[in-house]
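Spelled out, the chains give:
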Amino acid sequence: MSSVVRRIGVVGAGTMGNGIAQLFATAGHRVTMCDLKPEFLDRAMATIARNLDRQVARKTLDATDRTAAVARIVPTAAMGDLADCDVVVEAVLEDFTTKGAVIRQLDTICRRDAIIATNTSSISVTQLAAVSIVPERVVGMHFFNPVPMMELVEIIRGLQTADAVCETVMELTRAVGKTPKLARDSFGFVVNRVLVPMINEAINCVYEGIAPAEDVDAMMKLGANHPMGPLALADLIGLDIVLDIMETLSHGFEDPKYRPSPLLKQMRDAGYLGRKSGRGFFSYAPSR
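In the nomenclature of an unreviewed UniProt entry, the chain is known as 3-hydroxybutyryl-CoA dehydrogenase of Rhodoplanes roseus. In its Sequence similarities (unreviewed entry) section, the UniProt record describing the chain reads: "Belongs to the 3-hydroxyacyl-CoA dehydrogenase family."

Asker: Sorry, what's going on with the pattern of salt bridges here?
Answerer: Two side chains with opposite charge may pair up if their charged atoms get near one another. Applying the stated rule across the entire model yields 10 salt bridges. Connected through shared salt-bridge partners, Asp86, Arg111 and Asp113 make up one network.

Asker: Which parts of the structure should I look at to understand the pairing of strand β7 (residues 152–157)?
Answerer: Remember that side chains alternate between the two faces of the sheet whenever the strand is regular. Both strand β6 (residues 138–143) and β7 contribute to a ladder of 4 bridges, which runs antiparallel. Bridging from a neighbouring strand, Gly140 pairs with Ile156 of β7. Bridge count between β7 and strand β8 (residues 179–184): 6 bridges; the pairing is parallel. Its bridge partner being in β8, Glu154 is matched across the sheet by Lys181. Following the chain from β7 across helix α6 (residues 163–175) to the adjacent parallel β8, one finds a crossover that is right-handed.

Asker: What's the story with unusual backbone geometry in this structure? I'm lost.
Answerer: Of all residues except glycine, most have a negative phi; of all peptide bonds, most are trans. A cis geometry characterises the amide bond from Asn145 onward to Pro146, with omega recorded as 0°. Along the chain, Pro146 turns up in the loop between β6 and β7. Backbone geometry at Lys59 places phi at a positive 65°, although glycine is not the residue there. Turning to its location among the elements, Lys59 is positioned in the loop between α2 (38–57) and α3 (63–71). Taking the relative accessible area as the measure of exposure, Lys59 reaches 76% and is therefore exposed. Even without being glycine, Phe189 reaches a positive phi, approximately 60°. You can call Phe189 buried: its relative accessible area is 4%.

Asker: Where do I start with the UniProt feature "domain: 3-hydroxyacyl-CoA dehydrogenase C-terminal" (unreviewed entry) in the chain in this structure?
Answerer: Following the UniProt record, the feature "domain: 3-hydroxyacyl-CoA dehydrogenase C-terminal" (unreviewed entry) maps to residues 188–284 here. What you have in residues 188–284 is 63% helix and 0% strand, and the ends, taken at the C-alpha atoms, are 28 Å apart.

Asker: Before we go on, may I ask you to explain the domain arrangement of the chain in this structure?
Answerer: By a frequent convention, interface size equals the accessible area lost on bringing the separate parts together. We note that the domain assignment places domain 1 (7–184) and domain 2 (193–277) within the chain. One C-alpha centre belongs to domain 1, the other to domain 2; they are set 27 Å apart. Taken residue by residue, the interface counts 5 residues in domain 1 and 4 residues in domain 2. Of all residues in domain 1, Glu94, Ser122 and Asn145 give up the largest surface area on contact with domain 2, accounting jointly for 72% of the area buried on that side. Summed over the shared surface of domain 1 and domain 2, the number is 0 salt bridges. Between domain 1 and domain 2 we count 0 residue pairs in polar contact (both at pLDDT 80 or more) in total. Among the residues making up the side of domain 1 that touches domain 2, the classes are represented as 1 nonpolar, 3 polar and 1 charged.

Asker: Could you clarify how one ought to interpret the packing of α2 against α3 in this entry?
Answerer: Between two packed helices, the angle of one axis relative to the other and the distance separating the axes together describe the packing. Two elements in contact, α2 and α3, have axes separated by 10 Å at closest approach and are oriented at 165°. The angle between α2 and α3 falls in the class roughly antiparallel. Every pair of crossing elements has a handedness; the one defined by α2 and α3 is right-handed. Here α2 contributes Met45, Ala49, Leu52, Asp53 and Val56 to the contact with α3, which in turn contributes Ala63, Arg66, Ala69 and Val70. Residues that form the contact of α2 with α3 fall into these classes: 7 nonpolar, no polar and 2 charged.

Asker: Just checking my understanding: could you explain the packing of helix α7 (residues 191–207) against helix α10 (residues 239–253) for this structure?
Answerer: Following both chains from N to C, one finds α7 and α10 inclined at 110°, their axes separated by 10 Å at the closest point. It follows that α7 is roughly perpendicular to α10 by the angle criterion. The crossing of α7 and α10 is left-handed. Residues Asn192, Arg193, Val196, Pro197, Ile199 and Asn200 of α7 pack against Val242, Ile245, Met246, Leu249 and Phe253 of α10. Broken down by class, the residue content of the contact of α7 with α10 amounts to 8 nonpolar, 2 polar and 1 charged.

Asker: Honestly, the UniProt feature "binding site: NAD(+)" (unreviewed entry) in the chain in this entry has me stumped. Any pointers?
Answerer: When the UniProt feature table is mapped onto this chain, "binding site: NAD(+)" (unreviewed entry) is found at Gly12, Ala13, Gly14, Thr15, Met16, Gly17, Asp35, Glu94, Lys99, Ser121, Asn145 and Lys276. Structurally, Met16 is set in helix α1 (residues 15–26). With residues up to four places along the chain from it excluded, the contact list for Met16 reads Ala91, Asn119, Phe143, Phe144, Asn145 and Val147. Tracing the backbone through its elements, the reader meets Glu94 in the loop between β4 (87–90) and α4 (96–109). The contacts of Glu94, once residues within four sequence positions are left out, are Lys99, Thr120, Ser121, Ser122, Ile123 and Asp244.

Criteria and thresholds
Residues numbered from 1 in each chain as written. Predicted model: local features only at pLDDT ≥ 70, side-chain atom pairs only at ≥ 80, totals over all residues. Heavy atoms only, no water. UniProt positions renumbered as here; feature names shortened; annotations may be inferred. Salt bridge = Lys/Arg side-chain N within 4 Å of Asp/Glu carboxyl O. Pairing = 2+ DSSP bridges. Helix = DSSP H or I, 4+ residues; strand = E, 2+ residues; numbered from the N terminus. Right-handed = clockwise from strand over helix to strand, strands pointing away. Buried < 20%, exposed > 50% of the residue type's maximum accessible area, 1.4 Å probe, protein only. Domains from an automatic or database assignment. Contact = heavy atoms within 4.5 Å. Buried area = accessible area lost by both parts, 1.4 Å probe. Polar contact = N/O pair within 3.5 Å; in protein donor to acceptor, adjacent residues only side chain to side chain. Nonpolar A, V, L, I, M, F, W, Y, C, P; charged D, E, K, R; others polar. Axes fitted to C-alpha atoms, helices over the stretch in contact; angles between N-to-C directions. Parallel < 35°, antiparallel > 145°, perpendicular 65-115°, else oblique. Left-handed = near helix turned anticlockwise from the far one by under 90°.

Take a look at the structure:
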């Protein structure tokens, strides 16, 4: 595997995908951002431009650098445009079938020495790598939301992942100003294996009538010194994503301690997904 990384590919232009594209472009990399729907790409480019404008207004980014960063991102609906990328990060739906289909497609497009990094937050990297015809090039590169602000990137080594691939993505992560931490492959890895069951227990406290959502969050902020309550954090992450992670942990470990809260399932079914739907455990004004 080549350790020289010049061009980055990103598959998926949603919240995580556009954040990853912004991060690499701001750090000086050329980025090809791919999504099936042009309207998603347009929305992603507008989001990136808005985020960078805020940085210029706060004087944390020069206006010239802002313009250059946007110019480095090439949006495309054609997966074939990823052919010359050195590293491709998939940031699609947190679903094994969907991610596996993307990896299979990248196998037919990318050079054999290109690295395929999955931004999965909980799915086994070993299982995803097994889908590829070059499994040793598949690695977990788990960014956190919002990508430009959060310092950590979990690097997850699948059973098949080559040493050189891990070393390259660790170096790349440091080069863009983030802190990489290596984790052995296990459902949920480290952060979400600790964090999401805690959120699930906070939801159970509401479900069982122990305390209302406002008080649960207040107690965790005042008593555990959390900067944000677990239910507000769940709303920020998205309750559908929280449920996906809990179900991955539950099915992966086959341990009842990871059983999702019934209230979490009900809220997903009702479409109360948190900030992105305007309503979760708390209500949110529509974004402009």
